[in-house]
Structure formats: C-alpha cells, structure tokens
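Observations on the three-dimensional arrangement
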Amino acid sequence: MRKDWNYRSMYVTLIKGDGIGPEITESLKKVVSSLKVDIEFEEINAGLSVFEKEGVYIPQTLFDSIKKNKIAIKGPITTPIGHGFRSINVELRKKFDLYANIRPIKSPGPLDLKFDGVDMVIFRENTEDLYAGVEEMVSDNEAHSIKIITREKSERIIKAAFEYVRANKREKVSVISKANIMKLSDGLFLDVAREIAKEYPDIEFEELLVDNTAMQMVINPERFDVIVTENLYGDILSDLGAGLVGGLGLMPGVNKGKDIAIYESIHGSAPDIAGKNLANPIALLLSFCLLLDDIGEKDKAKVLRGAIYETLKDKKNYTRDLGGTNSTYGITDTMISFLGDNNG
Ligand code: NAI
C-alpha cells in the first residue's frame, strides 16, 4: 500500500445514494454493528433524493465531511441519461481528484462458475478520457466528445498499478489501449506505460488492445493479473470481469486519490429492483472489506470475507441475481450469523 493511502480514522462518511442504495447501506450498517469494528458512520446523502428536497445534488456538508474524514463509503447514485446534471459520481471523483479506480475481480465464494482461478485487479484512470465531459454540438446533427489523455495523469495511474503489484506480491501488469487507432491519445498512454515499465524490471509487462482484451477475458481470464487502462475501457472491462465471477452484485471497488478514498460497489442504482428487498448487498460489503484492509483492520476484513464465503456455500442463501430467492435483509442476517465467534 502506498504510504499516502494509509488511513486511520474512526469516522467514515456514509452516502446512501439512490435506488437500491438505502437498502444495501442499511445492510452494511447492520453488519458493521455485529462486526464490532471501531467505526462510526457520518451519514450525509447526495443524489436525486437530495435534489428534490434541497435543490442541490451534492450538499456542501457532504464535501466538508469527506474532506474531514478522508474516507467515505457510498451506495450508487442515479445519473440522468442524455440530459441534466453530468454525473454525481464523476463530480465527486473530480472534486477530490480520486484518480485511481481499483476493482478487484475475484469470486468471493464457491459459486458454479465457468472459470476457476480468476483473480485480477483493474486499475482504471478515473479523471480524464471521454469522461472529462468535454462535449459540444457542432450542428443540429453533429456532436463531438473530446478524449483527453495527459502524461501526468497517465503516469500516476500506471505507477499506482506497478506499485500495487510490488506491494501485493503480484507478477504482471497488462496495459490496455487502442493505440493502433487513437495514435495520439492512446499512443501517449501506451508510451508512458512503456517508460514506467522500465523502472520495474522485476515486473512482467504486456501491451494489449482493448478488443483483444475483451475476448481474452472471456476465453482465458486466468491469464490476467493487474490491468491498467483508461477511464472508458476500464469501466467496460470491469463489468465484463464482474460477469465472469458471479455478476455485479458481488464486485467491490474503491476510488483513491492522494489522501482521500471513496469505497463503492461497481454496480449502479438498479432502479428495476429498488425498494423491493431484492438487491445483493455483498458488493458493498466487499467494498467495506477493502476499506478495512486500508485502515489496518485486516483481521476484521478476514472475518467478514469468511462470513460471505460461508454464506455463498449454500444456494438457498442466494439473492435473485445469483439465481436464488433470498432477500437483501435475509442474506444480511445469514452473513451476520457467520460472523460468529471469530469476531472477538
Ligand atoms: P446497474 O448496475 O444499476 O444495473 C444493471 C443490472 O444489474 C440491473 O438488472 C440490476 O438489477 C442488476 N444489479 C445491479 N446491482 C445489483 C445488486 N447489488 N444486486 C442485484 N442486482 C443488481 O446499471 P444501470 O441499470 O446501467 O444503471 C442504473 C443507474 O445507476 C444509472 O443512473 C447509472 O448512471 C447509475 N450508476 C451509478 C454508479 C455509481 O453510483 N457508482 C455506477 C454505475 C451506474
């Protein structure tokens, strides 16, 4: 872990979010109180529900709370498609310069999967690329979206990936681009990766195009270790990766900057199942495990991961996304029952 990502704080900002956010964050709160971990949540919401009441999507109190606590965990937030406010998620990442979106892709339990042994971590650049939001209508029938790639921002995400490999005794970095077509923007990202790779001669380095990567991830996902890529490719490849190991309901993530981190699952607000007690809370709970690891509570993270593993051994515990009939709060109670005696 990088030194500047070494947190210790009792207070964590909790953002419930929209859609299934309130249900999965409620599950998180129940688990945390049974886990007996020394964390207090400071709850401040953002998103559509806040806009309806207060006229702003992100209240100043939320910015202040994150700035003070340095750590937040959030439920998903709905982004209107095609019009209106850009994206609250993108806004938070930009405001706190959370440049590394880190998404581990690994099954958290014994599921019936096509592949065993998938264990990769995606490092996605989080602040530029097509997500910079530089778009214009040049006529009624023509829209442009500008892809921004800079040396500075490419360097820091690629370095973070190499440092992660070193700190976690992993072996390989795959840099993913489409530099054969976008010779300047993706070409710059790739050039920077080649330069940085030379500083880490002990770490294996490979270059792949994004289309080939998508295929390789489907037919031979065990070959990947740590992937580093631009914003859009990282977003798409991590959903693909989630599909390989049980789906969006199981995949955690974190957005990290120099001294602030926001933990969140990779899924969205799932409006199709919101408020129905059907959402799988495991992705958010695993995001919380990443938080525990980072604040030095590795033993508690191990206990929680163990409870999730035990829960996933029995199909009768599964929520609908995993092919079962259990509810959000049902699976939460099962996980709590497995926190057991190890949790002193
Ligand atoms: P989504 O991830 O919300 O849903 C895709 C599918 O997966 C749906 O069928 C949904 O029911 C299912 N699903 C997702 N999470 C689940 C869970 N925990 N348990 C069970 N099933 C689950 O993606 P979608 O529909 O594209 O986006 C919905 C909204 O979420 C949009 O407004 C989008 O902008 C927003 N979003 C927010 C994110 C965030 O806050 N970080 C990330 C991605 C999307």
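Here's what I pulled together on the structure shown here. Note that the structure is predicted; figures quoted are calculated from it, not measured.

Here we take up the overall build of the protein chain. Helix and strand counts for the protein chain come out as eleven helices and twelve strands. Over its C-alpha trace the protein chain gives a radius of gyration of 20 Å, about what one expects of a compact globule, namely 20 Å for 344 residues. With the C-alpha coordinates of the protein chain rotated into their principal frame, the extents come out at 55 × 50 × 40 Å. The buried share among the 344 residues of the protein chain stands at 53%. Of the contacts made within the protein chain by residues no fewer than 6 positions apart, 74% connect residues no fewer than 24 positions apart. For the protein chain, the computed accessible surface area is about 15,500 Å², with 52% contributed by carbon and sulfur atoms. Averaging the locations of the 45 positively and 53 negatively charged side chains of the protein chain gives two centres separated by 3 Å.

In this section: the environment of K159. If you trace the backbone, K159 turns up in helix 5 (residues 151-167). On the basis of relative accessibility, which here comes to 34%, the residue K159 falls in the partly exposed class. Note: C-alpha distance between K159 and Y200 (41 residues apart in sequence) is 9.6 Å. With sequence-adjacent residues up to four places away left out, K159 is seen in contact with I196, E199 and Y200.

Turning next to the nonpolar core. In globular proteins that are soluble, nonpolar side chains generally tend to be buried together. Residues I73, F123, I158, F288 and L291 are the most contacted members of the largest nonpolar core, which totals 84 residues. For this core, the element with the highest residue contribution is helix 9 (residues 282-294), accounting for nine residues. Viewed by domain, this core spans two of them, domain 1 (7-110 + 249-343) and domain 2 (114-245), each represented by three or more residues. If you look at the next biggest cluster of nonpolar residues, it comprises 16 residues, including L62, I66, F96 and I260.

The rules we used
Residues numbered from 1 in each chain as written. Predicted model: local features only at pLDDT ≥ 70, side-chain atom pairs only at ≥ 80, totals over all residues. Heavy atoms only, no water. Helix = DSSP H or I, 4+ residues; strand = E, 2+ residues; numbered from the N terminus. Rg over C-alpha atoms; globule rule 2.2 N^0.38 Å. Buried < 20%, exposed > 50% of the residue type's maximum accessible area, 1.4 Å probe, protein only. Contact = heavy atoms within 4.5 Å. Areas by Shrake-Rupley, 256 points an atom, 1.4 Å probe, with all protein chains shown as cover. Lys, Arg positive; Asp, Glu negative; His and termini not counted. Charge placed at Lys NZ, Arg CZ, Asp CG, Glu CD. Core = buried A, V, L, I, M, F, W, Y, C linked by side-chain atoms within 4.5 Å. Domains from an automatic or database assignment.

The values are spatial; any link to function lies outside them.
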